Amino acid sequence: MRDATKYIHAGVEPDPSTGAIMTPIFQTSTYVQSAPGKNKGYEYARSQNPTRSALERALAVIEQGKHALSFSSGVAATDAVIKLLKPGDEVITANDMYGGTYRLFTKIYAKFGIQFHFLNTQDASLVEKAITKNTKLIWLETPTNPLMNITDIQAIASIAKKHGILVCVDNTFASPYLQNPITLGADIVMHSVTKYLAGHSDVIQGALIMNDDSLREELYFIQKSCGAIPGPQDCFLVLRGIKTLHVRMQRHCENGEKIARFLRNHSKVSKVFWPGFEDHPNHDIAKKQMKAFGSMLSFELVDDSPENTTRFLSSTSIFALAESLGGVESLVNHPASMTHASIPREERIKNGLRDGLIRLSIGIEDADDLMEDLNNAIG
Ligand SMILES: *Cc1c(COP(=O)(O)O)cnc(C)c1O
């Protein structure tokens, strides 16, 4: 099946009892058994739900993995991966990543004796040097949030393989349409499904996708034992979102490119972070591992004083000032005070995330309207 057909049909079949073309929302907590232990493959909805199963099948297909597991949020999916570890284990991870992942690692799991090493994963030799006999996991995010740095997934995965270390890639920013880390050697792909996969800013959900059967069993055991599962209505909404992922992503990417170039040519903008620029430091790797460059970008104004930044953030009319990304509508965000406020300021600035940085999630509106809106707000 070619990509566009996959997004429409992957994982779903007409409901066998009625012929309903759309997977029904199985709003049930339990399933009747004809005798103790005799059931139709479903016992209790924390363990199995048919709407969720259809979604998990679809996610596996579009991410080019064998198995998928759905979670109640992106951070719940990340949490499940860290639960594979035990005290004394070490994790190598990026120094530029989603603030909530950083918070989960440093504020929740560090106190259970798991050690996290934050470094620049764009430099594969730094990653290799940081490996010890206790290293069990390399956690990557590419492109990163919010600086759009690119890590070479294949290079890191081949180092990890030599040492028997798992690699998990947070693929939220790219979506399965732009990048498939499993095909590049990653063991697990994590998604905040909340973003491009759901696509309409109406669901919180997460997912893990993997090839290995025993890794799937371990993670399924964690999913079932810890219970961070999504409800069937949310699974239905995500199944619906996936059907238009490819079409939405095509427009997201077109608009993203137009706006990245518009901002770069604007006299009142000093810097634009977008991996599609030929002079982006990792443009070649982005080109190699991604189908296109996405619709997330960040920029800094020439006048990046707190007053002017705040004035800009309150002046757009189409771009809504909000956390989150990947929906059909365009959003603007101030990482330092919003999505990345949980990262200490010195840490943030050291890694290049300045107070004046503004992040955009470019939606699928008319690009000319979006550019006019930005131009008016820049003033
Ligand atoms: C939003 C986000 C998460 C967390 O996902 P939730 O669905 O909000 O729990 C993780 N990683 C990235 C890159 C994100 O953008």
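Cut-off values and rules
- Residues numbered from 1 in each chain as written.
- Predicted model: local features only at pLDDT ≥ 70, side-chain atom pairs only at ≥ 80, totals over all residues.
- Heavy atoms only, no water.
- Core = buried A, V, L, I, M, F, W, Y, C linked by side-chain atoms within 4.5 Å.
- Buried < 20%, exposed > 50% of the residue type's maximum accessible area, 1.4 Å probe, protein only.
- Helix = DSSP H or I, 4+ residues; strand = E, 2+ residues; numbered from the N terminus.
- Domains from an automatic or database assignment.
- Contact = heavy atoms within 4.5 Å.
- Near = heavy atom within 4 Å.
- Polar contact = N/O pair within 3.5 Å; in protein donor to acceptor, adjacent residues only side chain to side chain.
- Areas by Shrake-Rupley, 256 points an atom, 1.4 Å probe, with all protein chains shown as cover.
- Nonpolar A, V, L, I, M, F, W, Y, C, P; charged D, E, K, R; others polar.
- Expected span 1.5 Å × (residues − 1).
- Patch = residues over 30% accessible without salt bridge, like charges linked within 9 Å, V, L, I, M, F, W, Y side chains within 5 Å.
- Salt bridge = Lys/Arg side-chain N within 4 Å of Asp/Glu carboxyl O.
- Lys, Arg positive; Asp, Glu negative; His and termini not counted.
- Charge placed at Lys NZ, Arg CZ, Asp CG, Glu CD.
- Buried area = accessible area lost by both parts, 1.4 Å probe.
- Pairing = 2+ DSSP bridges.
- Axes fitted to C-alpha atoms, helices over the stretch in contact; angles between N-to-C directions.

**Re the nonpolar core**
Grouped burial of nonpolar side chains is what soluble globular proteins tend to show. One finds Ile259, Leu263, Leu297, Phe299, Phe312 and Leu360 to be the most contacted residues of the largest nonpolar core, which totals 66 residues. When residues in this core are grouped by element, the largest group, seven residues, is from helix H10 (residues 245-264). Formed jointly, this core draws a minimum of three residues from each of two domains, domain 1 (3-242) and domain 2 (245-378). For Leu263, the contacting residues outside a window of four places in its chain are Val269, Val272, Leu297, Phe299, Leu360, Leu374 and Ile378. Within the second largest apolar cluster, 29 residues are counted, among which are Tyr109, Phe116, Cys168 and Met210.

**What about the site of the ligand?**
Around the ligand sit 15 residues in total, of which Gly74, Asp170, Ser192, Thr194 and Lys195 are the nearest. Contact between the ligand and Ser192: an oxygen atom at 2.8 Å from a side-chain N or O atom of the residue. Taking Lys195, its side chain carries an N or O atom lying 2.7 Å from an oxygen atom of the ligand. Within the complex, the protein chains bury 93% of what would otherwise be the 380 Å² of accessible surface of the ligand. Sorting the residues of the shell around the ligand by element identifies helix H3 (74-82) and strand S6 (188-192) as the ones contributing at least two each. Residue composition of the shell around the ligand, by class: five nonpolar, seven polar and three charged.

**A few points about H10**
In this model H10 runs 28 Å from its N-terminal to its C-terminal C-alpha over 20 residues, within 8% of the 28 Å that 1.5 Å per residue would give. Restricting attention to buried positions, one finds in H10 the residues Leu245, His246, Arg248, Met249, His252, Cys253, Asn255, Gly256, Ile259, Ala260, Phe262 and Leu263.

**Some words on a negative patch on the surface**
On the surface, Asp366, Asp368, Asp369 and Glu372 cluster together to form a negatively charged patch. Along the chain, the position of Asp369 falls in helix H14 (residues 367-378). Overall, the relative accessible area of 37% leaves Asp369 in the partly exposed class.

**Quick notes on unusual backbone geometry**
Cis geometry marks the peptide bond from Thr142 to Pro143; its omega dihedral reads -5 degrees. Pro146 follows Asn145 through a cis peptide bond whose omega is 10 degrees. Tracing the sequence through the fold places Pro146 in the loop between strand S4 (135-141) and helix H6 (153-163). Not every positive phi belongs to a glycine, and Met148 is a case in point at roughly 60 degrees.

**Brief notes about H3**
Burial analysis of H3 places eight of its nine residues in the buried class, the great majority of the element. For H3, every residue scored as buried is listed here: Gly74, Ala76, Ala77, Thr78, Asp79, Ala80, Val81 and Ile82.

**Points about the domain arrangement of the protein chain**
One can read the domain layout of the protein chain as domain 1 (3-242) and domain 2 (245-378). On the domain 2 side, the residues contacting the 42 residues of domain 1 number 43 residues. With both chains or domains summed, domain 1 and domain 2 bury close to 3,500 Å², and 60% of this area falls on carbon and sulfur atoms. Together, Tyr177, Leu178 and Tyr196 form the three largest contributors to the area buried by domain 1 at its contact with domain 2, with a combined 22%. Inspection of the region where domain 1 meets domain 2 yields two salt bridges. In this structure, Asp3 and Lys291 form a salt bridge, with 2.9 Å as the shortest nitrogen-oxygen distance. Taken together, the connections running from domain 1 to domain 2 amount to 22 residue pairs in polar contact (both at pLDDT 80 or more). Listed by contribution, the elements that provide at least two residues to the side of domain 1 that touches domain 2 are helix H1 (3-9), helix H4 (99-109), H6, helix H7 (175-178) and helix H9 (232-242). Across the side of domain 1 that touches domain 2, the residue classes tally to 23 nonpolar, 15 polar and four charged.

**Quick notes on the pattern of salt bridges**
For the structure shown, the criterion picks out 18 salt bridges. Between Lys83 and Asp79 there is a salt bridge whose closest N-O contact spans 2.6 Å. According to the relative accessible area criterion, Asp79 is buried, its value standing at 17%. Here Arg354 makes a salt bridge to Asp304, at a shortest N to O gap of 2.9 Å. With Arg354 in the loop between helix H13 (345-350) and strand S12 (358-361) and Asp304 in the loop between strand S9 (296-301) and helix H12 (306-313), the pair connects residues that are 50 residues apart, well separated along the chain. A network of salt bridges, in which partner residues are shared, links Asp3, Lys6 and Lys291.

**Let's talk about the sheet that holds strand S2 (residues 90-94)**
What the seven strands build is an open sheet, ordered S1-S7-S6-S5-S4-S2-S3; its pairing is mixed. Bordering the open sheet on either side are strand S1 (67-71) and strand S3 (115-119), each of which pairs with just one other strand. Neighbouring strand axes in the sheet, compared pairwise and without regard to direction, differ in orientation by 20 degrees on average. As judged from the five bridges shared by S6 and strand S7 (residues 206-210), these two strands associate in the antiparallel manner. Bridging from a neighbouring strand, His191 pairs with Ala207 of S7.

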